[in-house]
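Commentary on secondary and tertiary structure
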Amino acid sequence: MELEMQKVWEEEDTYRFNPDSDRPLFSIDTPPPYASGKWHIAAAIHYSQIDMIARTQRMRGYEVYFPFGVDRNGLPVEVETEKRYEIKMFEYPREEFLRLCREFLDEAEQDILSIVKRLGISADTKNYFQTDSEKWRAVTQATFIDAWNKGYIYEDYRPNIYCPRCRTTLADAEVEYKELPTRLVYLKFKVEGSEEEVVVATTRPELLPACKAVIYNPDDERYKWLRGKRVVTPLGDAIPVMEHPYADPEFGTGLVMICSYGDKMDVQLFRELGLEPKIVVNEDGALNENAGEYAGLTIQEARERIIRDLERKGFVERIETIMHRTPVCWRCKTPLEIVPMREYYLKQVDLIHELEEYLDVVRFYPEWASNYWRDWLKSVSSDWPISRRRYYATEIPVWYCKSCGKPVLPPPGKYYQPWKEDPPYDKCPHCGSTAGFEGEKRVFDTWMDSSISPLVYNGFGWDDEFFSKLGSSDLRPQGKDIVRTWLHYTFLRVHQVLGKPAFKHVWISGMGLDAKGRAMHKSLGNIIYPWPLFEKYGADAVRFFGAAEAHHGSDFRISERKIEGAYKFLQKLWNVARFISQFEEPKGMPELEPSDLWILGELNKSIRRALSGYERFDFFDPANEVRIFIWDVFAPHYIELVKGRAYGDCVDEGKSAAARWTLHYVLRAVLRLAAPVIPHITDYIWRSIYGGTVHRELFPEVREEWDTEYLELGRKVMEFNSLVWKTKKERGMRMKDPIEMKIPEDLKPFEEDLRKLHNIK
RNA sequence: GGGCCGGUGGUCUAGCGGCUAUGACGCCGCCCUUACGAGGCGGAGGUCGGGGGUUCGAGUCCCCCCCGGCCCA
């Protein structure tokens, strides 16, 4: 049934976006999933929730632009490709390596697209975007050229976080921390001009050649006497002893050696203390000539060697093994180094204040999720290094004049590959030389591409007319884990390009966890794949679970039990619809009976709750409200109550019509209310009973004239029903058996329906 | 170490100072038969994360701590 619906939607293009519609436009900045590896169920649910947003907006009267894109740039695919073919990127021809990456991406992409389609996601997957397409990359480069012209780009030589394995610099956001066992080596330093010794503990003995100072905490009385003195390292260098609060008296001996560079703190201390760095680690992760006899060794080798040497010479007091919080590469988990390199930077520090103002105008769902971004803005302290020494990414569109060496940029609008192409000019604008140009070999950080998604999707740089209608996207839906990267960078970049907030609405979701509450990771082996669940329960059941399981914004645990429960609810809905479909729907509204007014009042209540949930893009209330209404109220009480009347058993035609009319009215309302969450079954029913598609309908409205006193009485009817059923059971009677019962005075209006239902004499 | 969010029976959830703490899913009995492999009736299951305090009275307000998730240092 679901597959059948999906085919119909595709054939009739149900969700086609018409930019010239007279409805207000609403555009969604769909997260482009990364095309590597297989999707787990949490990702599938995330995208179906985003789909619910799109469907909600359609039913609220918007013309919704819901594009789809696939992220194909960057490290992960390079790593996967290296693994699959057992090759090393830098030892492989660049062109050829790119081809292998593309092959891998095409496969992964198809896997994702098939899941997206199976979920019934109403995005435009026919014309999907790819972040590595010429179209997208040309826009990335155009916005870079724009930023360059506006003075946001600069190149600087400074310490960078560097992954020796991936041979690239990393942004702060790409650094992870891992507790790793490390040896803490206690080294003896001599105090200059005396025979006294002090002991310094370090996890990085191989950086001893780069050691430029030793610090202690100003509150640490043990070392006050060292103030102003110098100490001699085991390698014979005399270096100053300084006070700095960074030194933790509890760690090691309380003395810390400062080297260029062991970690980010070293970088800061070198600056603060005015020390001259001595660089000993090269870009390939090996020590250089500054390391003296250790030159040419890798960091690991140098560490072993220096420990051995120093032990032999008696400089090692002792060695402890500790758990140390080590910065590692987010992708390959290799411990990171700090290496000074020349890199391009995009300014952001100067703009933080302007971005903070957006916190007041952009609406976050849930409201408190804005804290994620607010906190990050507070802690941004350096500009964004945007160049990378990798292959599979957008090239930096710069050539350098072979004569004067100055950078020259091409005009925006085209996709450039400077490492293999000639520039679109032959004379240097700086020196006039025609000596030719050297193409830039570096590429961009992939967030440079993804951070302009709301521009690319909406036509910026490739369809001006389209873009003029849409502007930047209206809503960004995404997970909370990438606020400081994707969300932050998008606001930054769009601000630089347009001078406006990228979005009006930002929707932040929690994470789907496994049954024990852990995130799904390959390494944990706890990944739940979606296909078996689709086959057993269908996409709607999975979607319903995704909506009804937890409030928006909080993490939720995946439970097959609950998905099964959702499936049962869908069955119930199906049968309710089947029952109602046997009755003809009366044309005009007949005069309604108390029972009818009661259920319509209940319906009002449910519509109110559901719509207020939809307004917040929170599907918890809508899903649960519909379920409770159908399952606990409408089916067991109202339908039972009016069954006889609907069939027309010994009642007049008007009363029968009232029941039939109400049944259909409620069904129509409920189907529309549930359509964003469970699009397949609702449309299937809608089409077979009423014709047309439910997905082009609007949400049902509250009709206040139905907020009557029967609403309250109806609750009593439900209690009375229970009482009758219980009494019959106690007396060992069958449900159909006639019974003598007194109907409470206040339920008189319902008397006729009640008598029929319970066969009351 | 800091920030944010959260912590109510196995799971999700109502509750926003006041009766013996909701409801759902799941579980266990019994019953029934239908628009429905569904339903009806009953049942087991909770120190409301812990400890203090405010109050006549606290999941509900305040403080401290613990745990989980995410992020940062």
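As a reminder, the structure under discussion sits directly above these lines.
Everything numeric in this text was worked out from a predicted model, so none of it was measured.

Another aspect to go through is the overall build of chain A. Each helix and strand in chain A was counted, giving 22 helices and 25 strands. Once local pairs closer than 6 in sequence are excluded, the contacts in chain A between residues at least 24 apart make up 76%. For chain A, the exposed surface amounts to about 32800 Å²; the carbon and sulfur share of it is 48%. On chain A, the mean spot of the 107 positive side-chain charges and the mean spot of the 122 negative ones are 3 Å from each other.

This brings us to helix H17 (residues 594-615). With 22 residues, H17 should reach 32 Å at 1.5 Å per residue; the first-to-last C-alpha distance of 31 Å fits that figure. For H17, the tally of buried residues reaches 16 of 22 residues, placing the bulk of the element in the interior.

Moving on: the pattern of salt bridges. Any two side chains of opposite charge can pair if their charged atoms end up close together. Using the criterion set out here, one finds 54 salt bridges in the structure. Put simply, Arg342 and Glu155 hold a salt bridge, and the shortest N to O gap is 3.7 Å. Of this pair, Arg342 sits in strand S14 (residues 337-346) while Glu155 sits in strand S5 (residues 153-163), and the two are 187 residues apart along the sequence. Ionic pairing is found between Arg660 and Glu653, a salt bridge with its closest N-O pair at 3.4 Å.

Of all five residues in strand S12 (residues 255-259), five are buried; the element is thus mostly enclosed. Examined bridge by bridge, strand S9 (residues 211-216) and S12 share five bridges and lie antiparallel to one another. Within S12, the residue paired with Cys211 across the bridge is Cys259.

Quick look at the packing of helix H16 (residues 560-581) against helix H18 (residues 620-647) now. Packing of H16 against H18 brings their axes to within 11 Å, and their N-to-C directions diverge by 25 degrees. Classed by the angle they form, the pair H16 and H18 counts as roughly parallel. For H16 against H18, the interelement crossing comes out left-handed. Contacts between H16 and H18 pair Gly565, Lys568, Phe569, Lys572, Leu573, Val576, Phe579 and Ile580 from the former with Val626, Arg627, Ile630, Trp631, Phe634, Ala635, Ile639, Lys643 and Tyr647 from the latter. A class-by-class count of the residues in the contact of H16 with H18 yields 12 nonpolar, one polar and four charged.

With that out of the way, let us pick up the sheet that holds strand S22 (residues 475-479). If you trace the three strands from one edge of the open sheet to the other, you get S15-S23-S22, paired in parallel fashion. A single partner strand is all that each edge strand has here, and the edge strands are strand S15 (363-365) and S22. On average, each strand axis in the sheet is inclined to that of its neighbour by 20 degrees, with strand direction left out of account. Sheet topology note: the S22/strand S23 (residues 505-509) ladder contains five bridges and is parallel. Across the sheet, the residue bridging to Gly479 is Ser509, located in S23.

Space inside the second largest pocket adds up to approximately 1200 Å³. Contributing to the lining of the second largest pocket are 44 residues, with Thr203, Arg204, Gly262, Asp263 and His324 lying nearest its centre. Sorting the residues of the lining of the second largest pocket by element identifies strand S7 (175-191), strand S8 (197-202), S12, helix H6 (264-273), helix H7 (299-313), strand S13 (316-329) and S14 as the ones contributing at least two each. Residue contributions to the lining of the second largest pocket peak at six residues, all from S7.

Another point: the side chain of Asp383. Position of Asp383 among the secondary structure elements: in the loop between helix H9 (370-379) and strand S16 (384-385). Within the structure, Asp383 has its side chain in polar contact with the side chain of Tyr154 (distance 2.7 Å). Here the side chain of Asp383 touches Val349 through a polar contact of 2.9 Å, landing on its backbone nitrogen. Dropping the residues within four chain positions of it, Asp383 is found in contact with Tyr154, Tyr345, Leu346, Lys347, Gln348 and Val349.

With that settled, consider unusual backbone geometry. Omega for the peptide link from Tyr365 to Pro366 comes to -10 degrees, which places this bond in the cis form. By the secondary structure assignment, Pro366 is in the loop between S15 and H9. At Asp13, a position not held by glycine, the phi torsion is positive, near 55 degrees. With respect to the helices and strands, the residue Asp13 is situated in the loop between helix H1 (2-12) and strand S1 (25-27).

Further remarks concern the packing of helix H14 (residues 530-537) against H16. Interaxial distance between H14 and H16 falls to 10 Å at its minimum, and their mutual angle equals 30 degrees. Taken together, the axes of H14 and H16 are roughly parallel relative to one another. Two packed elements cross with a definite hand, and for H14 against H16 that hand is right-handed. Contact residues: Leu533, Lys536 and Tyr537 in H14; Glu560, Ile563, Glu564 and Tyr567 in H16. Split into classes, the residues belonging to the contact of H14 with H16 amount to four nonpolar, no polar and three charged.

What follows is about the nonpolar core. In terms of nonpolar packing, the biggest core is built from 125 residues, with Trp598, Phe634 and Leu663 touching the most fellow members. Other than its neighbours up to four places away in sequence, Phe634 contacts Val576, Ile580, Ile599, Phe629, Ile639, Leu663 and Val666. Membership of the second largest hydrophobic core comes to 52 residues, among which are Ile396, Leu409, Leu470 and Ala502.

A separate point is empty space enclosed by the protein. Tallying each qualifying case throughout the model produces one cavity of 30 Å³ or more. In this structure, the largest cavity spans a volume of roughly 140 Å³. If you go around the largest cavity, you meet 17 residues; those closest to its centre are Gln49, Gly546, Ala550, His551 and His552. Elements represented by at least two residues in the lining of the largest cavity include exactly S23 and helix H15 (539-548).

This paragraph deals with a negative patch on the surface. A grouping of Glu10, Glu11, Asp13 and Asp124 is seen on the molecular surface, where their side chains present a negatively charged patch. Assignment of secondary structure puts Asp124 in strand S4 (residues 124-130).

Taken across its five residues, S23 has five buried, putting it largely inside the fold. A two-sided burial pattern is seen for S23, the buried positions comprising His505, Trp507 and Ser509 on one face and Val506 and Ile508 on the other. Note that S15 and S23 share three bridges and pair parallel. Looking at S23, one finds that Tyr365 is bridged to Trp507.

With that settled, the discussion passes to the packing of aromatic side chains. Under the defined criterion, the tally for this structure stands at 47 aromatic pairs. A centroid spacing of 6.2 Å and a plane angle of 75 degrees characterise the contact between Phe17 and Phe466, whose relative ring orientation is edge-to-face. Note that Phe17 is positioned in the loop between H1 and S1 and Phe466 in helix H12 (residues 464-470), a separation of 449 residues in sequence. Comparing Phe17 with Phe466, the two get one shared label, buried.

Reading the values: rules and limits
- Residues numbered from 1 in each chain as written.
- Chains lettered and ligands numbered in written order.
- Predicted model: local features only at pLDDT ≥ 70, side-chain atom pairs only at ≥ 80, totals over all residues.
- Heavy atoms only, no water.
- Helix = DSSP H or I, 4+ residues; strand = E, 2+ residues; numbered from the N terminus.
- Contact = heavy atoms within 4.5 Å.
- Areas by Shrake-Rupley, 256 points an atom, 1.4 Å probe, with all protein chains shown as cover.
- Lys, Arg positive; Asp, Glu negative; His and termini not counted.
- Charge placed at Lys NZ, Arg CZ, Asp CG, Glu CD.
- Expected span 1.5 Å × (residues − 1).
- Buried < 20%, exposed > 50% of the residue type's maximum accessible area, 1.4 Å probe, protein only.
- Salt bridge = Lys/Arg side-chain N within 4 Å of Asp/Glu carboxyl O.
- Pairing = 2+ DSSP bridges.
- Axes fitted to C-alpha atoms, helices over the stretch in contact; angles between N-to-C directions.
- Parallel < 35°, antiparallel > 145°, perpendicular 65-115°, else oblique.
- Left-handed = near helix turned anticlockwise from the far one by under 90°.
- Nonpolar A, V, L, I, M, F, W, Y, C, P; charged D, E, K, R; others polar.
- 1 Å grid on protein atoms, 1.4 Å probe; cavity = no way out; pocket = protein on both sides within 12 Å on 5 of 7 lines; lining within 4 Å.
- Points joined across faces, edges and corners; volume = space filled by probe spheres on them.
- Polar contact = N/O pair within 3.5 Å; in protein donor to acceptor, adjacent residues only side chain to side chain.
- Core = buried A, V, L, I, M, F, W, Y, C linked by side-chain atoms within 4.5 Å.
- Patch = residues over 30% accessible without salt bridge, like charges linked within 9 Å, V, L, I, M, F, W, Y side chains within 5 Å.
- Phe/Tyr/Trp six-rings, centres within 6.5 Å; stacked < 30°, edge-to-face > 60°.

Honestly, it's all geometry; don't read function into it.
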